[in-house]
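Listed below, chain by chain, are the residues.
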Amino acid sequence: MHKNTICIWYDTDAEAAARFYAEVFPDSAVTRVNRAPGDYPSGKKGDVLTVEFTVCGIPCLGLNGGPAFSHSEAFSFQISTEDQAETDRYWNAIVGNGGEESACGWCKDRWGLSWQITPRTLMEALAAGGDEAKRAFEAMMQMRKIDVAAIDAARKG
């Protein structure tokens, strides 16, 4: 058992979400599915209650807690990518499977969980500060999925 685990609330689809993440991202897996030992407000005995999984090595617990709470952009996974192909692969997996695009490299999966698909070059540009960061930031603000070539061009000026 990990000292700290991210708990993510789902209505009823924690297992489907965890299995999707395990298929899409490296160093990800579903490690345990726990069934309810008795009836509870949003489910019955034997229903999937929690799912233990990892996303890119980060331990998570999916909780099927019912419709009382939904995801917001206040929580997101940020996935660092090395190039456009990796950026496209993750973005397309999330958006192309019932998700939706947002701005500046953000998207939501079909369960409403937010993801930031962030190329390393963008983070390096922002960390560099000054005019390079300003140009990269301004370019990013015009994008949905991050265009690595456009960020690299903005970095150079």
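Preceding this section is the structure that the text describes.
Residues numbered from 1 in each chain as written. Predicted model: local features only at pLDDT ≥ 70, side-chain atom pairs only at ≥ 80, totals over all residues. Heavy atoms only, no water.

(A) Molecular detail of the overall build of the chain. Assigned secondary structure in the chain consists of 5 helices and 8 strands. The secondary structure elements of the chain, listed N-terminal to C-terminal, are β-α-β-β-β-β-α-β-β-β-α-α-α. Taken along the three principal axes of its C-alpha coordinates, the chain extends 60 × 25 × 25 Å. By the burial criterion, 38% of the 157 residues in the chain qualify as buried. Put simply, 56% of the contacts in the chain that link residues at least 6 apart link residues at least 24 apart. When the accessible surface of the chain is totalled, it reaches about 8600 Å², and 51% of it is carbon and sulfur. The centroid of the 16 positive side-chain charges in the chain is displaced by 3 Å from the centroid of its 22 negative side-chain charges. (Helix = DSSP H or I, 4+ residues; strand = E, 2+ residues; numbered from the N terminus. Buried < 20%, exposed > 50% of the residue type's maximum accessible area, 1.4 Å probe, protein only. Contact = heavy atoms within 4.5 Å. Areas by Shrake-Rupley, 256 points an atom, 1.4 Å probe, with all protein chains shown as cover. Lys, Arg positive; Asp, Glu negative; His and termini not counted. Charge placed at Lys NZ, Arg CZ, Asp CG, Glu CD.)

(B) Seen up close, the packing of helix α3 (residues 120-128) against helix α5 (residues 148-156). The contact between α3 and α5 brings their axes to 9 Å, and the two run at 25°. If you check the angle between α3 and α5, you find them roughly parallel. With respect to the hand of their crossing, α3 and α5 are arranged in left-handed fashion. Taking contact as the criterion, the partners of Thr121, Leu122, Glu124 and Ala125 in α3 are, on α5, Val148, Ile151, Asp152 and Arg155. (Axes fitted to C-alpha atoms, helices over the stretch in contact; angles between N-to-C directions. Parallel < 35°, antiparallel > 145°, perpendicular 65-115°, else oblique. Left-handed = near helix turned anticlockwise from the far one by under 90°.)

Note that every value here comes from positions in space, so none of it alone points to a role or purpose.
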